[in-house]
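# Inside the fold
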Amino acid sequence: MATSATNAPEKVGLLRVLGPAHIWALGVGIVLVGEYMGWNFGVAKGGAFAALIACWFAGTLYTCVAMIDSEVTSTVAAAGGQYTQAKHIVGPLMAFNVGLYLVFAYTMLEAGNAITVGYLMDTVAAMTGHSGLDQRPFIILSIMFLAWLNYRGVLATLTFNLVITAFAFSSILILFVVTAPWSDASPMRHAELMTDLPYGWLGVLASMHFGLWYYLGIEGTTQAAEEVRSPARSLPFGTLAGIMTLLIAATLTWYMCVGLMPWEYLGGAGVPLFDAARLSGSSWLVVLLGVGTLFATLASANGCINDASRAWFAMGRDHYLPSWFGAVHPKFRTPYRSIIFLVPIALIFALGAPLDQVITFSILSGLLEYTFMPINVIMFRKKWPLDTIKRGYVHPFHPIPALVLLALCSVTYFAVFLGYGTQLVAMVAFYIVVSLWFHFWRYRFVNRGAQFTMPWPRPKGY
Amino acid sequence: MMDIWTVLEYGAWALSVIFGAYIVLDWIKTDSTYSEEVLTSSREGELEAMTEQHKL
Amino acid sequence: MAKYIPPVQSKIGQLIDVIVLLILAVGALYIPLWMGLAGSSKVPVPMENPTWEALGQNPTMVEQWNKLGFADAASAADMITARFDYSFSWASLIVMVVVILGYFLLMMRFSESEYREVIAEKFGEK
């Protein structure tokens, strides 16, 4: 019991306050920054057309992810998302690994966003004639402000995300309408700017590496499972609406950027949509897309803090990690210790590592997670066939989405191997070491039967 | 010369410190006000949430 | 099956576990960086007195380069000629495949044994 608190509740948990729009904002908010920066590295990898093919292949991959995830998560209504799914369906060690994928994918993405805020500030300062801006205070401020917002409560955090995500998405639509590709006055020059594939088809494969960046993070909607009012309906709805939004945004972004910039420039651009606005020749569009870029990065970092802290918290609560992290703030009802802990981690990477490395670290963790998903859903259908538990959403054509997802993941591993093979092996070596650490040391602190919390019947075959 | 960007730099440093201090102070206050049992009393699946019926 | 009662971990033990995890995670990112093995960078092909024509840029491309702040061909030459090197050895590809497959197989195996224990305690022995 509480020692000195008055009116302290005996049990404190997260609060169910979110609606489907918040889920959409969480999913799209994390990802939309991918259209404002990062996807264009895929253009450098294989040319403009390769980036489009990668955009659609990755879009297929993520549609499978969203469908599979929607089905499983509509029955697993707990913070931790895929971590909790893995714990119930595959097993504890898999769950521990998935939890770490989530935390690293999101924390690295958060660091990447903060780096972009600093870069954007520097770009704007340079445009107004101030050179040599110190980017660090802006990087630190964006992380501190969003950590503070997350600390104070989930409803305000995701309502804020809804507003800035809607703004950033609208900015892309407005840029498309104003540049009016259907009219003769349009600044777009596709016919003259498009080239053949500079690396042939190998470049198309290589481009898949950054193709993921158009959508990476949409699966994070499941982290809100414990805080949404009606998880079985809101999660599938928010997630599937999110992936549709992103498919539109990704294709429009590609279309506008390749119609305005030579691919050699686009492939290395820090903030491509902002550059597209500069080339459109309209100064108010420059301001709009500048603000859009800032909002997209903040929305993404905000969602990342939310998701990473939920996953870390869920693992602490089950003693997969030190139980100290399983604490909930009695007033704000947030996993406050996990939020605090992840702040310095994000700062280490935001201030100390180059952007493409941070992005690659994030993509690799995501990729391992997507490899887990088909395994997960196949085992889910086998252990609990459709007639044993009720699902809020049943994905069609099983097992085709799972197999497609597995095939696309293999292609992406090869793409990452082409450019970042060493990191890939270093990363997997890291997960092998922590797996052994977990299995032989850490797992002793975990309750066995009690960690299975879903009201499901006994799995088939056990 | 102090131009607008220099001011913004200092402002960003100051705000970072304020947000950071708020979090740390509240953290210390919370941890010393409530017992560890209350703070870590959340359990997965225990929320009123389990309204979904898993029977067909 | 007897219910498993986990030991309670001390504060110091919790702290040590967090530090171990952190060292491993930071190591995984920074060791490739320090060893200079990180990533592939593009290598520009140096060119004597580059012109837009020699770089294969048509008038529209030149116009866009100018708008982006590249006034002459020399300033954009490195960016235009830089290419990735996608050559790879089959041996390293096989190493990667073995490492990834080995990792997932190891994980599935350990998970399965742990999972059976969980189900047995939760639902009782069959």
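Residues numbered from 1 in each chain as written. Chains lettered and ligands numbered in written order. Predicted model: local features only at pLDDT ≥ 70, side-chain atom pairs only at ≥ 80, totals over all residues. Heavy atoms only, no water.

## Quick word on the domain arrangement of chain C
In plain terms, the rule: Each domain's limits were defined by an automated method or a database of domain assignments.
Segmentation of chain C into domains returns domain 1 (10–39), domain 2 (40–85) and domain 3 (88–126). The gap between the C-alpha centroids of domain 1 of chain C and domain 2 of chain C is 41 Å.

## Some words on the environment of V28(A)
Residue and element names in this part refer to chain A. Spelled out, the test is: Elements are defined by DSSP. Helices are runs of H or I of four residues or more, strands are runs of E of two residues or more, and each kind is numbered from the N terminus. Only protein chains enter the calculation, and the probe is 1.4 Å; a residue is then buried if its accessible area is under 20% of its type maximum, exposed if over 50%, and partly exposed in between.
Within the secondary structure, V28 sits in helix α1 (residues 20–36). Here V28 falls in the buried class, since its relative accessible area comes to 0%. Spatially, the C-alpha atoms of V28 and N161 are 9.4 Å apart, while their sequence positions differ by 133 residues.

## Observations concerning the state of the cysteines
Residue and element names in this part refer to chain A. For clarity, the threshold we go by: Criterion for a disulfide: a pair of cysteine sulfur atoms at a distance within 2.5 Å.
Under the criterion given, the structure shown has zero disulfides over all chains. Not part of a disulfide, C304 finds its nearest cysteine sulfur in C409, a span of 19 Å. Its relative accessible area of 0% is what places C304 among the buried residues.

## Some points on a nonpolar patch on the surface
Spelled out, the test is: Excluding any residue in a salt bridge, patches collect residues exceeding 30% relative accessible area, merging like charges within 9 Å and nonpolar Val, Leu, Ile, Met, Phe, Trp and Tyr side chains within 5 Å. Here, Shrake-Rupley sampling with a 1.4 Å probe gives the accessible areas, and only protein chains in the shown set may cover a residue. One side-chain nitrogen of Lys or Arg within 4 Å of one carboxyl oxygen of Asp or Glu is enough to make a salt bridge.
A cluster of nonpolar side chains, I174(A), V178(A) and W284(A), forms an exposed patch at the surface whose accessible area comes to about 270 Å². You can see W284(A) is positioned in helix α13 (residues 283–317).

## Here's the deal with the interface of chain A and chain C
Convention followed: In what follows, residue pairs with any heavy atoms lying within 4.5 Å of each other are defined as contacts. Buried area: the sum, over both parts, of the accessible surface (1.4 Å probe) that disappears when the two are put together. What qualifies as a polar contact is a pair of N or O atoms within 3.5 Å, subject to a donor-acceptor requirement within protein and to the restriction that residues adjacent in sequence count only when both atoms come from side chains. Amino acid classes used here: Ala, Val, Leu, Ile, Met, Phe, Trp, Tyr, Cys and Pro are nonpolar; Asp, Glu, Lys and Arg are charged; the rest, including Gly, are polar.
In this assembly, 92 residues from chain A lie in contact with 68 residues from chain C. For the pairing of chain A and chain C, the buried interface totals around 7200 Å² over both sides, and the portion due to carbon and sulfur atoms is 71%. Between the two partners, chain A and chain C, sit two salt bridges. Between chain A and chain C we count 22 residue pairs in polar contact (both at pLDDT 80 or more) in total. Per element, the largest residue contribution to the side of chain A that touches chain C is 22 residues, and it comes from helix α16 (residues 400–440) of chain A. Of the residues in the side of chain A that touches chain C, the class split is 63 nonpolar, 18 polar and eleven charged.

## A word on the nonpolar core
Rules: In plain words, nonpolar cores are sets of buried Ala, Val, Leu, Ile, Met, Phe, Trp, Tyr and Cys residues tied together by side-chain atoms within 4.5 Å.
The biggest cluster of nonpolar side chains holds 224 residues, and the ones touching the most others in it are Y62(A), Y215(A), W312(A), Y370(A) and Y431(A). Ranked by the residues each element gives to this core, the list is headed by helix α5 (residues 92–127) of chain A, at 19 residues. Residues within four places of Y431(A) in sequence aside, it is in contact with N97(A), L100(A), Y101(A), F104(A), S365(A), L368(A) and Y103(C).

## Observations concerning the pattern of salt bridges
Here the structure, examined in full by the defined rule, presents 15 salt bridges over all chains. Among the ionic pairs, R317(A) bridges to E226(A), the shortest N-O distance being 2.8 Å. Linking R317(A) in helix α13 with E226(A) in the loop between α9 (200–211) and α10 (231–258), this pair joins segments that are 91 residues apart in sequence. A salt bridge links D17(C) to R442(A); its shortest N-O distance comes to 2.6 Å. Residue D17(C) is found in helix α1 (residues 11–34), and its partner R442(A) is found in the segment after α16; the two belong to separate chains. Take D17(C) and R442(A): they sit in the same class, and that class is buried. Through salt bridges that share partners, E71(A), R381(A) and R391(A) make up one connected network.

## A few points about α1(A)
Residue and element names in this part refer to chain A. This is how the line gets drawn: Multiplying 1.5 Å by the helix residue count minus one yields the expected span of that helix. What we call the bend at a residue is the angle made by axes fitted to the seven residues finishing there and the seven residues starting there.
When the terminal C-alpha atoms of α1 are compared, their 24 Å separation across 17 residues agrees well with the 24 Å that a helix rising 1.5 Å per residue should span. Of all the bends in α1, the largest measures some 35 degrees and sits at G29. Directly after α1, the chain includes G38, whose backbone phi takes a positive value near 100 degrees.

## Concerning the packing of aromatic side chains
The description of two aromatic rings rests on the distance between their centres and on the angle between their planes. Applicable threshold: By convention, a stacked pair of Phe, Tyr or Trp rings (six-membered ring in the case of Trp) has centres within 6.5 Å and planes under 30 degrees apart, an edge-to-face pair has planes over 60 apart, and any other such pair is tilted. Whether a charge sits over a ring comes down to the Lys NZ or Arg CZ being within 6 Å of the ring centre and within 35 degrees of the ring normal.
Per the stated rule, a full pass over the model turns up 55 aromatic pairs over all chains. Between F96(A) and F438(A), the ring centres sit 4.3 Å apart and the planes meet at 10 degrees, which makes this aromatic pair stacked. With F96(A) in helix α5 and F438(A) in helix α16, this residue pair connects regions lying 342 residues apart in the sequence. Take F96(A) and F438(A): they sit in the same class, and that class is buried. Positioned above the aromatic ring of F84(C), the side-chain terminus of K45(A) is 4.4 Å from the ring centre. Cation over ring: R448(A) sits above Y4(C), and NZ or CZ is 3.9 Å from the ring centre.

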